[in-house]
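Chain and residue survey
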Amino acid sequence: MATGITENDVWTAADALLLEGARPTIERVRQKIGRGSPNTVSPHLETWFRALGARIKDPGAFAAPPAIPDPITQAATHFWEAALAEARAEQADAYRERWQELADDGERLAMQAEQLQLREQQLAKRESDLQEGLRVATAQLAVTEERLQAAERQLRQRDDQLKQTRGQLQDAQSAVQTLLIEAEKMRGAHAQALEALESRHAAHERRWLNELDAERGAAKKLQARLDEAQLAAQKQAEQSQASLREAQDAKRTAEKAAQDARAEILAAQTRHAAMQAAETSARDALASAQSTLTSSRQNEQALLARLAAADAQAATLLAQLQQKDEQLNALTRHLMTAAMGAGEGNAAGT
């Protein structure tokens, strides 16, 4: 709707058109005014036509100025009547067209009303479906939010567990580092102890071997002395036997000479006593040599036993060191397995 179009504007434009000899129509009135819509101009123009008859009866309503000649007035009256008839016909046509348009609009409105009713039904059904879908979506959203909150809680718990695991892993790594340092120190100490033990063992072994060699040398010397004593005793025995034979020979010859024989017998007895003393001395030397040899063998066995004990002690220390190394390796593998298990848990959770 145009702004500012009044009934006076329409009437003034229609009067001007009529005075100009033109038939007032909706389009001409709009062109005369320069604005306005047909829906705005049409009601005012209808009131202008309804009031036109009363205005024509009024002699002064459309009276020409006094200076206007009668022919002009007659012509104006003629044009006015013709314009009035044409305007009435045009108005009737406009009414019929308007009624037809209204009828068409009514049919269209009825169809549109029916369509709107169908549309409203569809919209109502659609609204019901949307509400149902909204209700289901709201329920699903609530379930999803609950799951999301549960997942967030689990995630926070996983984060807390991960932080604890990381702390434990750092503590374990620190403990492993400390254990490695201690193990390295223990390994160094064990290595030093083992080296010292091996040095002592080597020194003891050298000393024991030297002592064993010395004992063996002493035993050899004693054996040599024993052999020499046995040889000397054997020689003395042989000499004694020779002397005995000589004595027997002398005894046989002593029968011939009693005095010489007795003397020879006394000499033989003296030599026999010396031989027995030599045999006793040889036996004593042999017993002493055997005792010394037995003591040497006992010393050798004691040295061998001490050497075996030292070897057993060294083997025990080596076994303990290997056990410590195995425990340290097992602890390192356990800590590395725990660290790898914690890392796989963080990834999966993420």
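On a predicted model such as this, the values are computed, not experimentally measured, just so you know.

Thresholds, definitions, all that
Residues numbered from 1 in each chain as written. Predicted model: local features only at pLDDT ≥ 70, side-chain atom pairs only at ≥ 80, totals over all residues. Heavy atoms only, no water. Helix = DSSP H or I, 4+ residues; strand = E, 2+ residues; numbered from the N terminus. Buried < 20%, exposed > 50% of the residue type's maximum accessible area, 1.4 Å probe, protein only. Contact = heavy atoms within 4.5 Å. Areas by Shrake-Rupley, 256 points an atom, 1.4 Å probe, with all protein chains shown as cover. pLDDT = per-residue confidence, 0-100. Expected span 1.5 Å × (residues − 1). Phe/Tyr/Trp six-rings, centres within 6.5 Å; stacked < 30°, edge-to-face > 60°. Bend = angle between axes of the 7 residues up to and from the residue. Axes fitted to C-alpha atoms, helices over the stretch in contact; angles between N-to-C directions. Parallel < 35°, antiparallel > 145°, perpendicular 65-115°, else oblique. Left-handed = near helix turned anticlockwise from the far one by under 90°. Salt bridge = Lys/Arg side-chain N within 4 Å of Asp/Glu carboxyl O. Core = buried A, V, L, I, M, F, W, Y, C linked by side-chain atoms within 4.5 Å. Nonpolar A, V, L, I, M, F, W, Y, C, P; charged D, E, K, R; others polar.

**A look at the overall build of the protein**
A count of helices and strands for the protein gives five helices and zero strands. Reading the protein from its N terminus to its C terminus gives the helix and strand order α-α-α-α-α. Expressed as a percentage of the 350 residues in the protein, the buried residues total 18%. Looking at the protein alone, contacts between residues at least 24 apart form 74% of all its contacts between residues at least 6 apart. Put simply, the protein shows about 25300 Å² of open surface, and 54% of that area lies on carbon and sulfur atoms.

**Some points on the confidence of the model for the protein**
Averaged over all residues, the pLDDT of the protein is 76; the fraction at 70 or higher stands at 73%. Averaged pLDDT values for the elements of the protein fall to 73 in helix α5 (residues 258–349) and rise to 93 in helix α2 (residues 26–33).

**Brief notes about helix α1 (residues 7–19)**
Over its 13 residues, α1 extends 18 Å from the first C-alpha to the last, a length consistent with the 18 Å expected when each residue adds 1.5 Å. Listed as buried for α1 are Val10, Ala13, Ala14, Asp15, Leu17 and Leu18. The first or second residue beyond α1 is Gly21, which carries a positive phi of 90 degrees.

**Re the packing of aromatic side chains**
With the rule as written, the count across this model stands at one aromatic pair. Centroid distance Trp48 to Phe49: 4.9 Å. Interplanar angle 75 degrees. Geometry classified as edge-to-face. Owing to a relative accessible area of 1%, Trp48 belongs among the buried residues under this scheme.

**Re helix α3 (residues 38–57)**
Here α3 is 20 residues long and its end C-alpha atoms lie 29 Å apart, about the 28 Å a rise of 1.5 Å per residue gives. Taking the largest bend as the criterion, α3 deviates by roughly 40 degrees, centred on Ala51. Where α3 is concerned, the buried positions are Thr40, Val41, Ser42, Leu45, Glu46, Trp48, Phe49, Leu52 and Arg55.

**Let's talk about the packing of α1 against α3**
Where α1 meets α3, the closest approach of the two axes is 9 Å, and the angle between their N-to-C directions is 60 degrees. Viewed along their axes, α1 and α3 adopt a mutual orientation that is oblique. Between α1 and α3 lies a crossing whose hand is right-handed. Contacts from Glu7, Val10, Trp11, Ala14, Asp15 and Leu18 in α1 reach Val41, His44, Leu45, Thr47, Trp48, Ala51, Leu52 and Arg55 in α3.

**Comments concerning the pattern of salt bridges**
The tally for this structure, following the rule as stated, stands at seven salt bridges. Here Arg55 makes a salt bridge to Asp15, at a shortest N to O gap of 2.9 Å. Taken as a pair, Arg55 in helix α3 and Asp15 in helix α1 lie far apart in primary sequence, 40 residues in all. By relative accessible area, which is 19% here, Arg55 ends up buried. Take Asp15: its relative accessible area is 17%, and that puts it in the buried class. One salt bridge in this structure joins Asp249 and Arg252, with 1.8 Å as the shortest N-O distance. With a gap of three residues between them, Asp249 and Arg252 both fall in helix α4 (residues 70–254), about one helical turn apart. Accessibility expressed as a relative area gives 36% for Asp249, which makes it partly exposed. A relative accessible area of 51% places Arg252 in the exposed class.

**Overview of the nonpolar core**
The nonpolar side chains of soluble globular proteins are, as a tendency, buried together. Val10, Val29, Ile33, Leu45 and Trp48 are the most contacted members of the largest nonpolar core, which has 13 residues in total. Of all elements in the fold, only α1, α2 and α3 reach the threshold of two or more residues within this core. Beyond its immediate sequence surroundings of up to four residues, Leu45 is in contact with Val10, Ala14, Pro24, Thr25, Ile26 and Val29.

**A few points about the packing of α1 against α2**
A packed helix pair is summarised by two numbers, namely the angle formed by the two axes and the spacing between the axes. For the pair α1 and α2, the least separation of the axes is 9 Å and the interaxial angle reads 105 degrees. When the axes of α1 and α2 are compared, the pair comes out roughly perpendicular. On α2, the residues touching Asp9, Val10, Ala13, Ala14, Ala16 and Leu17 of α1 are Arg28, Val29, Lys32 and Ile33. Here the contact of α1 with α2 is built from residues that sort into seven nonpolar, no polar and three charged.

**A look at the environment of Leu318**
Of note, Leu318 is situated in helix α5. Note: C-alpha distance between Leu318 and Ala191 (127 residues apart in sequence) is 9.6 Å.

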